[in-house]
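Okay, here's what each chain looks like letter by letter:
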There are 2 protein chains.
Amino acid sequence: MPIEQLQPDLKLAAALFDSLSRTTRHGRGIVRDSYGAGEQAAHDIMHAAAGRIGLDVSIDAIGNLMMTLPGRDRDAPRIMIGSHLDSVPQGGNYDGAAGVVAGLSVLSALKQAGTQPPCDITVMGIRAEESAWFDIAYLGSGGAFGLLDPACLSIARSDNGRSLEATLIERGFDPQTIRERRPLLDAARIRAYLELHIEQGPSLVAEDLPAAVVTGIRGCKRFRNARCVGRYGHSGAVNRPQRHDAVAATVALLHHLETVWLEQERAGADLVITSGEFYTDPAMHGPSKIAGETHFVIDVRSVSGATMQTVAAAAREAAARIGEEYRVAFDLGATSDSPPAVMDERLRAALRRQLARPFEMASGAGHDAAVFAKMGIPTGMIFVRNDHGSHNPDEAMTLADFGVATRALLGLLLNFPLS
Amino acid sequence: MPIEQLQPDLKLAAALFDSLSRTTRHGRGIVRDSYGAGEQAAHDIMHAAAGRIGLDVSIDAIGNLMMTLPGRDRDAPRIMIGSHLDSVPQGGNYDGAAGVVAGLSVLSALKQAGTQPPCDITVMGIRAEESAWFDIAYLGSGGAFGLLDPACLSIARSDNGRSLEATLIERGFDPQTIRERRPLLDAARIRAYLELHIEQGPSLVAEDLPAAVVTGIRGCKRFRNARCVGRYGHSGAVNRPQRHDAVAATVALLHHLETVWLEQERAGADLVITSGEFYTDPAMHGPSKIAGETHFVIDVRSVSGATMQTVAAAAREAAARIGEEYRVAFDLGATSDSPPAVMDERLRAALRRQLARPFEMASGAGHDAAVFAKMGIPTGMIFVRNDHGSHNPDEAMTLADFGVATRALLGLLLNFPLS
């Protein structure tokens, strides 16, 4: 068969997804706890598969699994395909793992065809991407580049309270690497990083498309602990001019932010604004009381840092103005920020060429790809259609859609665009 | 001392307020839970004081406390002075209790002076006026007139989930009275009902006046358990057209109701609209999630029933329209309604004559007086200046202002206007 017609090993993929589901399902959902038994089981499954394919396998000091098809020039910078193998509690079978399975399906096909690529291609099974267990994202990829703040070693796991340090030691890994910020990967020796991931929103279902090329990963600017302080009062006995109504003021602020969002959207900006937590104080509120306080979140995301800046500034300006108008005090607090990550233009173009119906979209959620992009490594991502969102047991990716996206990865490798 | 110069027993009043505060304060606020330990403690304090004054004391089948100074003609229709002894959670010391203390201060003065009034005067310590505990107002006064829908017996108390029926039985009272709608008071045998209450808004503070005569009581039309159901999603990964954002939709609804309010205000209508409870589900919400559900209250008050009807209709219309626009489902539920009540003209005039600086105003909050007025009993109310509103720990009534209003009550009794 001409190499251009090579297909990813979907029989292997199906077997791996099945094995993952059988091994790491607890009740309705998947539990692959970061640095716990569930994640380890997923690593063991991939490790064994890599052995059967005939890849070189190694494990780095913090447990990342490196599965390599050697290239003709072993000294040339390598291409990496990766994703994480952990899941949120009661997650689905595909968030993370699909990217590793895709990498192995591609290397299995190349190996079976006897193709030796010009450079090494390494599939990386990354540790602990989800922040659900240790309240920090990108432990595996961040740690591999020596990017972690050593203070993270004392973070307690959300379920059993054990520190990251104790957990690493228990698994036979080396916390010293993190303490010394020692890089385990050299960005200069990585030619490109590619990640396949299920889409975590409904866009591809709505567009009726199996896959999309990712333009960038939205950054996040979040007012995590915003507050409005007014004054409690009787709902019938205080007329409008004398009110200090925290709910009315917060409603006015959030309504204003929606108009800002619509304006930005009309101007072509990429943007989502969400207030996913909003509550009056259950110990103080009442059906016949004007609310004296609200707590809420404003979560702003965009592939453009400038757009997020604009919205945050608009929020602060509106909070001051509306606070005065409603005789309340807003305290939006500081924002927690993660910058957007831009995907490599040439990899985007090359991936688009691999799709029968090319479609591009931003990633709203964070991915390990953001860490590689931050390191200056040319990075590309492809999304697979997935119904019901992610981080829940109902993730629904079909093997056919997975095949389309994985074939695009394989096609990209066979026509690699970077000189 | 000539009877015209008789003064209410403010020493007793001060002692009773002090005792109430010491006994029913929990943390910063007052907790006199309806048919609970806090309310019972207040009843016990009043019962003991009535005994010391030498009043006839009885307790009706649903726990209302009747403290009577016998008149010369025991068969003549009696005059009642009353208010409630329960409070909202974390309320203040004066909302409700001040009216009962005022009644006892007046009867104590009459008793000490050896004055026997022409008819019985009964101070009524009324049960469960606040709807914070059983989601129904006027349990005590409504029940005393056999007005309650027996279905109310199955209402669960908001904090412990126990039904009204079980709670009544636990306290030794008789739910059968409510089931049979049996009246415990005969409206034809009540010559007048008088209630002193702290003002629950800031008008008297603004007017620099100690007391006001009440013209009428705003009715209330309340969506107590309104809900919006959308769908949870990733805050970054779901774009606007695919969202089912319950917070965004609820914000849009409440913002719309504010514009309705402003229109009504411009047209000269008496109206207040309040959403004092608003919350996402703490077990499900999160800073990076679109909220799939909100719970909220819409409390509408006016002296005009027609105005409240208009606003409720506008709320339902907007919920349908905005629900469609935001791809969510609003369930506003039924309203709980209390109609506006008008105070007796002659009692208003007589009370005005008792004030050095006569001032009249509407009551924004509901009061047991509304139930007595509804029964066709001539009803009068007097407000006492109170800073910081009511239903909160910071209620601030001075004993001097209380004295002015209570003296007016006493003066009214000594110059009773009804033939």
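Note that the structure is predicted; figures quoted are calculated from it, not measured.

### Concerning the overall build of chain A
No. 1: When its secondary structure is counted, chain A shows twelve helices and 19 strands.
No. 2: For chain A, the C-alpha radius of gyration of 24 Å lies close to 22 Å, the compact-globule estimate for 419 residues.
No. 3: By the burial criterion, 61% of the 419 residues in chain A qualify as buried.
No. 4: Excluding contacts between residues fewer than 6 apart, the proportion of contacts in chain A whose partners are at least 24 apart in sequence is 80%.
No. 5: Of note, chain A has its 41 positive side-chain charges centred 1 Å away from the centre of its 49 negative side-chain charges.

### Side note on the interface of chain A and chain B
No. 1: With 54 residues of chain A in contact, the opposing surface of chain B contributes 55 residues.
No. 2: Considering only the side of chain A, the residues that lose the most area to chain B are His234, Arg240 and Pro287 of chain A, jointly responsible for 15% of the buried surface there.
No. 3: Viewed at the interface, chain B and chain A are joined by two salt bridges.
No. 4: The shortest N-O distance in the salt bridge between glutamate 265 of chain A and arginine 240 of chain B comes to 3.0 Å.
No. 5: Where chain A packs against chain B, one counts 21 residue pairs in polar contact (both at pLDDT 80 or more).
No. 6: Broken down by secondary-structure element, the contributors of at least two residues to the side of chain A that touches chain B are helix 7 (203-207), strand 9 (219-229), strand 10 (233-234), helix 8 (246-266), strand 11 (272-274), strand 12 (278-280), strand 13 (289-290) and strand 14 (293-302) of chain A.
No. 7: Within the side of chain A that touches chain B, the residues separate by chemical class into 23 nonpolar, 18 polar and 13 charged.

### A short note on the nonpolar core
No. 1: Judged by nonpolar contacts, the single largest core of 68 residues is most densely connected at Phe296 and Ile298 of chain A together with Phe296 and Ile298 of chain B.
No. 2: If we ignore the near neighbours within four places in the chain, the residues touching isoleucine 298 of chain B are Lys221, Arg222, Phe223, Leu253, Leu254, Leu257, Ile273, Thr274 and Leu332 of chain B.

### Regarding the pairing of strand 9 (residues 219-229) of chain B
Residue and element names in this part refer to chain B.
No. 1: Across the eleven residues of strand 9, eight count as buried, placing the element largely inside the fold.
No. 2: Both strand 9 and strand 14 (residues 293-302) contribute to a ladder of nine bridges, which runs antiparallel. Each residue of the ladder has a partner; that of cysteine 228, found in strand 14, is threonine 294.
No. 3: Direction of pairing for strand 9 relative to strand 16 (residues 335-338): antiparallel, over a ladder of four bridges. Paired with cysteine 220 across the two strands is serine 338, which belongs to strand 16.
No. 4: In this sheet, strand 15 (residues 329-331) lies alongside strand 9 in antiparallel orientation, the contact comprising three bridges. Looking across to strand 15, one finds that arginine 227 is bridged to aspartate 331.

### Details of unusual backbone geometry
No. 1: Within the chain, glutamine 90 of chain A stands out as a residue other than glycine whose phi angle is a positive 55°.
No. 2: By the secondary structure assignment, glutamine 90 of chain A is in the loop between strand 5 (78-84) and helix 3 (97-112).
No. 3: One non-glycine residue with positive phi stands out, namely tyrosine 35 of chain B, at about 60°.
No. 4: Note that tyrosine 35 of chain B resides in the loop between strand 2 (29-30) and helix 2 (37-53).

### Structural notes on the packing of aromatic side chains
Describing an aromatic ring pair means giving the distance of the ring centres and the angle of the ring planes.
No. 1: Using the criterion set out here, one finds 15 aromatic pairs over all chains in the structure.
No. 2: When the centroid spacing of 5.1 Å and the interplanar angle of 85° are considered together, the rings of phenylalanine 145 of chain B and phenylalanine 372 of chain B count as edge-to-face. With phenylalanine 145 of chain B in the loop between helix 4 (139-144) and helix 5 (164-170) and phenylalanine 372 of chain B in helix 11 (residues 368-374), this pair connects stretches of sequence that are 227 residues apart.
No. 3: For phenylalanine 372 of chain B, a relative accessible area of 0% translates into the label buried.
No. 4: Look at phenylalanine 278 of chain B and phenylalanine 296 of chain B: their rings are 6.4 Å apart centre to centre, the planes differ by 40°, and that puts the pair in the tilted class. Pair noted here: phenylalanine 278 of chain B is in strand 12 (residues 278-280) and phenylalanine 296 of chain B is in strand 14, with a separation of 18 residues, a long-range link.
No. 5: Each residue in the set Phe278, Phe296 and Phe330 of chain A together with Phe278, Phe296 and Phe330 of chain B is aromatic and connected to the rest through ring pairs, giving one cluster.
No. 6: Taking NZ or CZ as reference, arginine 240 of chain A lies 5.7 Å from the ring centre of tryptophan 261 of chain B, over its face.

### Remarks on the pairing of strand 8 (residues 211-217) of chain B
Residue and element names in this part refer to chain B.
No. 1: Burial analysis of strand 8 places six of its seven residues in the buried class, the great majority of the element.
No. 2: The sheet contact formed by strand 8 and strand 19 (residues 379-384) spans three bridges and is antiparallel. The partner of alanine 212 across the bridge, within strand 19, is phenylalanine 383.
No. 3: Strand direction decides the pairing type here: strand 8 and strand 18 (residues 360-363), joined by three bridges, are parallel. When the sheet's bridge partners are listed, isoleucine 217 is paired in strand 18 with serine 363.

### Some words on the pattern of salt bridges
No. 1: Per the counting criterion, the structure on display carries 51 salt bridges over all chains.
No. 2: Connected through shared salt-bridge partners, Glu345, Arg348, Arg352 and Glu360 of chain A make up one network.

### Things to note about the packing of helix 1 (residues 10-24) of chain A against helix 3 of chain A
Residue and element names in this part refer to chain A.
No. 1: Direction vectors running N to C along helix 1 and helix 3 enclose 150°, while the axes themselves pass 9 Å from each other. Where helix 1 crosses over helix 3, the two elements pack in a sense that is right-handed. Residues Leu12, Ala13, Leu16, Phe17 and Leu20 of helix 1 touch helix 3, and the partners they reach there are Ala97, Ala98, Val101, Leu104, Ser105 and Ser108.
No. 2: Partitioned by chemical class, the residues of the contact of helix 1 with helix 3 number nine nonpolar, two polar and no charged.

### Brief notes about helix 2 of chain B
Residue and element names in this part refer to chain B.
No. 1: With 17 residues, helix 2 extends 24 Å between its outermost C-alpha atoms, agreeing within 8% with the 24 Å of an ideal straight helix rising 1.5 Å per residue.
No. 2: For helix 2, the full list of buried residues reads Gly38, Glu39, Gln40, Ala41, Ala42, His43, Ile45, Met46, Ala49, Ala50 and Ile53.
No. 3: Phi turns positive one or two residues past the end of helix 2, at glycine 54, with a value near 100°.

### Section: the confidence of the model for chain A
No. 1: For chain A, per-residue confidence averages 95 on the pLDDT scale, and residues scoring 70 or more make up 99% of the total.
No. 2: The ipTM for the predicted assembly is 0.82, set against a pTM of 0.76.

### What about the side chain of serine 105 of chain A?
All names here are of chain A.
No. 1: Relative to the helices and strands, serine 105 resides in helix 3.
No. 2: The exposure class of serine 105 is buried, given its relative accessible area of 0%.
No. 3: Within the structure, serine 105 has its side chain in polar contact with the backbone oxygen of valine 101 (distance 2.7 Å).

### Quick word on the side chain of threonine 68 of chain A
All names here are of chain A.
No. 1: Here threonine 68 is to be found in strand 4 (residues 65-69).
No. 2: A distance of 2.8 Å separates the side chain of threonine 68 from the side chain of threonine 122, its partner in a polar contact.
No. 3: Other than its neighbours up to four places away in sequence, threonine 68 contacts Leu55, Asp56, Arg74, Arg78, Asp120, Ile121 and Thr122.

What counts, and where the lines are drawn
- Residues numbered from 1 in each chain as written.
- Chains lettered and ligands numbered in written order.
- Predicted model: local features only at pLDDT ≥ 70, side-chain atom pairs only at ≥ 80, totals over all residues.
- Heavy atoms only, no water.
- Helix = DSSP H or I, 4+ residues; strand = E, 2+ residues; numbered from the N terminus.
- Rg over C-alpha atoms; globule rule 2.2 N^0.38 Å.
- Buried < 20%, exposed > 50% of the residue type's maximum accessible area, 1.4 Å probe, protein only.
- Contact = heavy atoms within 4.5 Å.
- Lys, Arg positive; Asp, Glu negative; His and termini not counted.
- Charge placed at Lys NZ, Arg CZ, Asp CG, Glu CD.
- Buried area = accessible area lost by both parts, 1.4 Å probe.
- Salt bridge = Lys/Arg side-chain N within 4 Å of Asp/Glu carboxyl O.
- Polar contact = N/O pair within 3.5 Å; in protein donor to acceptor, adjacent residues only side chain to side chain.
- Nonpolar A, V, L, I, M, F, W, Y, C, P; charged D, E, K, R; others polar.
- Core = buried A, V, L, I, M, F, W, Y, C linked by side-chain atoms within 4.5 Å.
- Pairing = 2+ DSSP bridges.
- Phe/Tyr/Trp six-rings, centres within 6.5 Å; stacked < 30°, edge-to-face > 60°.
- Lys NZ or Arg CZ within 6 Å of the ring centre and 35° of its normal.
- Axes fitted to C-alpha atoms, helices over the stretch in contact; angles between N-to-C directions.
- Left-handed = near helix turned anticlockwise from the far one by under 90°.
- Expected span 1.5 Å × (residues − 1).
- pLDDT = per-residue confidence, 0-100.

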